[in-house]
Each structure stands twice: as structure tokens, then as C-alpha cells.
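# Structural overview
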Amino acid sequence: MNRLLTSMALLLGAPLILSAQARWISQEHDFGAFSEDLGSVEAKFLLVNEADRPIRILEAQATCGCTVPYFTKDNIAPGDTASLTVTYLANGRPGKFSKNIYVKTSDAPSVRRTLTISGTVIGASATIRSRYPVDGGKIKLQTSTAGFGEVKRGKFKTVFISLYNQSPDSLKPELSDLPRYVQAQITPEVIAPGQQGQIALTLNSHEVPEWGITNADFTFRAAHGEDPVKMDLFTIIVEDFSRMTPGQIQNAPAAIVKPAKIDLGEISEPQTVEFTVTNEGKSPLIVRRLQVVDPVVTSAKISSEKIKPGKKATIKATIDPSLAENDFINARLSLITNDPNEPLNVVRITAEIKR
């Protein structure tokens, strides 16, 4: 029949178009979820020759180096079956994948047919540790800290934490104990074996109660009933001066804190020190927060949180050397004000511990 069609086409001057006679029994293979420790996996695609003459596979090209097709160029007799083997190299490739192999056969060399392999690689422990170092039980995390950095009061900011399900089960992770100023969403809601996910944490600076550095803890669980994992977040809330006019800046307050450092020398007993805050600007200086993060500073107070132009206030701080972790103290106090030119003033208290 094919010879008859060929002869008729030539006599009539029509272009010769023959339909493909190679039939793939299946053009897709799903490996499902498997461990990276296997190293590689193989799939076989079967080709049936439905032509009345021998045919052969001409070429097979993969879309990346991780997918390797193998076949013989031997003739396939009419009615016979041949196979094309595709190897997927899983080492160092955790997660879902889908790869195409483009094949041409001699019955229709201008036709490119597509074979597809897909699956999910469950990463080996060594690979996952390098990318997701935080152990969240069945789910591994990129980090246990949500760092928002500096956020202007009145703004929103979102940070992301990547997740990886290293277990053979589909899991629905949970978050709890979040502060009221943070909203969270986990996508996808259910994470399949070997699949990646993401936590999106959005901070509403309107709701953060304090200026400056704010820390909080929250809880992660890989699924309901799984062991809790402690996580933390931090942000630095600063004032937004971007809308102030040149005239407002010129008439703004100006905070001058002296001295910038007090060295107590050798101490063995608690000591109290004083700093002076002077408003050298043209409008009232508002103290947003006096913050201390070093545990050796047992108390720190300012005499007034509103300082008129030309006036002063006093900061008193007490140092307890018995709370020091080593033989040297280098404590810092942060003063946050409405001074647009220098909203953060940092002073230091240093000392050596006398044993």
C-alpha cells in the first residue's frame, strides 16, 4: 500500500507525506517519590513497529544533562518491539522534576515525538542539611529566624522561610504563638513527600508595641501532633522621616548625648553611671525608647521622655559585674528619639571585672 501511495504521489506531482508507523506504548513515566540515595533511576519506553518494513530510532535528545537516553540503532522488524532507556541522575537534585526526551524515528524523520519522565526526589540527609540546616522533625527548614531588619513605622514587610518535606508522608505544617503584629501563610497548605514549601511572614509595623529592636518567639510543627520547634523573629522599628519638608527638618529637635562612653576601670561591685541628653534643636525632643540588651545593665532610666529645646535630661544606668559572662564588660544603651538627623544614639559602658 505504501508503494502504491508513493507511486500515485509521484505521478500526480504531489508532495510525499507518509504518516509515522512507530507507536510508543506509553510516552510518559512517573517514578513517584524515591530517595536520592538510589543515585539514579531508569525508565523503559517501548516502541512497536506497525509499518510493513524495518524502521529504527534515529536520535533521542534530553533537555538537560541529568537525563540520559540510551537506545540501539538496530533495525526493528515489522511487528517487533524495541526499547529506549532513560536514566535520571538524582544525586544533588532533591524535589520534583519533569524532563522531556525528544525522539525521531526513520519512518518519519521530520516528526519529533516527546517522551516525559517525572517524579519527586526525597533528598538524602547530607544534601538536605546543606540547604535546610534546621531540623523541624519530618520537615527541614532553611532557618529558624525570621529577620525583618529595619522597618519604618507604618509600613508592612514580608520575609520567607523555605521548607522541605523529607518524609514519605504528606504533611500539613502548623504555626502557633505568633505575635499579633505578624501574619503567616504556608504554601502549599499540604506538602507532599520530597516537595518544597514556604512560610510567608508579614509584619505590620503599626502593631509593633515598641520602637527599636523587637524580638519574639513562635512555634512550628511539621504537622498536628508533631514535636514543636522554637523559632524567633526580630525587627527594628524606626521612624519614617521621608515626608518631612526642609523647613520641618530645619526646625526639628536635635539629640546630643554625652559622654559617648564611660569606662569604669576595674570594678567588683555594682556601679551607677549618668549620661546627659541635650535637645539642641528647635522643637521638643521625644524619647521613643531607651533600650538595653546587655544583662549586666540591671536598670536604665531617663529623667524625662519629652525634652524642650535647650533643656536636658539625665540617663542613669546601673551595672552589676556579677552578671558578666567574662572578665570584660562592653555594654550598650540605645536612645531612640524623633531627631530626624540622628534618631538613634548609642552610648557604651566598659569595665574590667576585678576578681
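The structure this text deals with has already been given above.
Parameters at a glance
Residues numbered from 1 in each chain as written. Predicted model: local features only at pLDDT ≥ 70, side-chain atom pairs only at ≥ 80, totals over all residues. Heavy atoms only, no water. Helix = DSSP H or I, 4+ residues; strand = E, 2+ residues; numbered from the N terminus. Rg over C-alpha atoms; globule rule 2.2 N^0.38 Å. Buried < 20%, exposed > 50% of the residue type's maximum accessible area, 1.4 Å probe, protein only. Contact = heavy atoms within 4.5 Å. Lys, Arg positive; Asp, Glu negative; His and termini not counted. Charge placed at Lys NZ, Arg CZ, Asp CG, Glu CD. Disulfide = S-S within 2.5 Å. Polar contact = N/O pair within 3.5 Å; in protein donor to acceptor, adjacent residues only side chain to side chain. Pairing = 2+ DSSP bridges. Axes fitted to C-alpha atoms, helices over the stretch in contact; angles between N-to-C directions.

Moving on, we get to the overall build of the chain. The helix and strand tally for the chain stands at three helices and 26 strands. Taken against the 2.2 N^0.38 rule, which gives 20 Å for 355 residues, the C-alpha radius of gyration of the chain at 35 Å runs more than 25% over that of a compact globule. The C-alpha extent of the chain, read off along each of the three principal axes, is 110 × 55 × 35 Å. Counting across all 355 residues of the chain, residues that qualify as buried make up 40%. A sequence separation of at least 24 residues applies to 65% of the contacts in the chain between residues at least 6 apart. Computing the positive centroid from 40 side-chain charges and the negative centroid from 38, the chain places the two 6 Å apart.

In this section: the environment of Val121. When you line up the elements, Val121 lands in strand S8 (residues 113-122). Between the alpha carbons of Val121 and Gly32 there is a distance of 8.4 Å; along the sequence they are 89 residues apart. Those residues in contact with Val121 that sit more than four places away from it in its chain are Phe34, Glu36, Tyr88, Ala90, Arg93, Pro94, Gly95, Phe97, Tyr164 and Gly194.

On to the state of the cysteines. Under the defined criterion, the tally for this structure stands at one disulfide. In this model Cys64 forms its disulfide with Cys66; the gap between the sulfur atoms is 2.3 Å. As the torsion about the S-S bond is roughly -40 degrees, the Cys64-Cys66 disulfide counts as left-handed. With relative accessibility at 4%, the residue Cys66 sits in the buried group.

A few words now on the environment of Pro109. Relative to the elements of secondary structure, Pro109 occurs in the loop between strand S7 (95-105) and S8. In this structure the C-alpha to C-alpha distance between Pro109 and Pro54, which are 55 residues apart in sequence, comes to 14 Å. Once residues within four sequence positions are removed from consideration, Pro109 is found in contact with Leu58 and Lys104.

Residue placement: Asn338 occurs in the loop between strand S25 (328-337) and strand S26 (344-353). A distance of 3.4 Å separates the side chain of Asn338 from the backbone oxygen of Pro284, its partner in a polar contact. Apart from the residues lying within four places of it in its own chain, the contact partners of Asn338 are Glu239, Phe241, Pro253, Pro284, Leu285, Ile286 and Arg288.

Taking strand neighbours across the sheet as the criterion, the four strands line up as S18-S20-S24-S22 in an open arrangement whose pairing is antiparallel. Single-partner strands in this sheet number two, and they are strand S18 (255-258) and strand S22 (297-302). Along the sheet, successive strands turn relative to each other by an average axial angle of 20 degrees, direction set aside. Sheet topology note: the S22/strand S24 (residues 312-319) ladder contains five bridges and is antiparallel. Bridging from a neighbouring strand, Ser299 pairs with Thr318 of S24.

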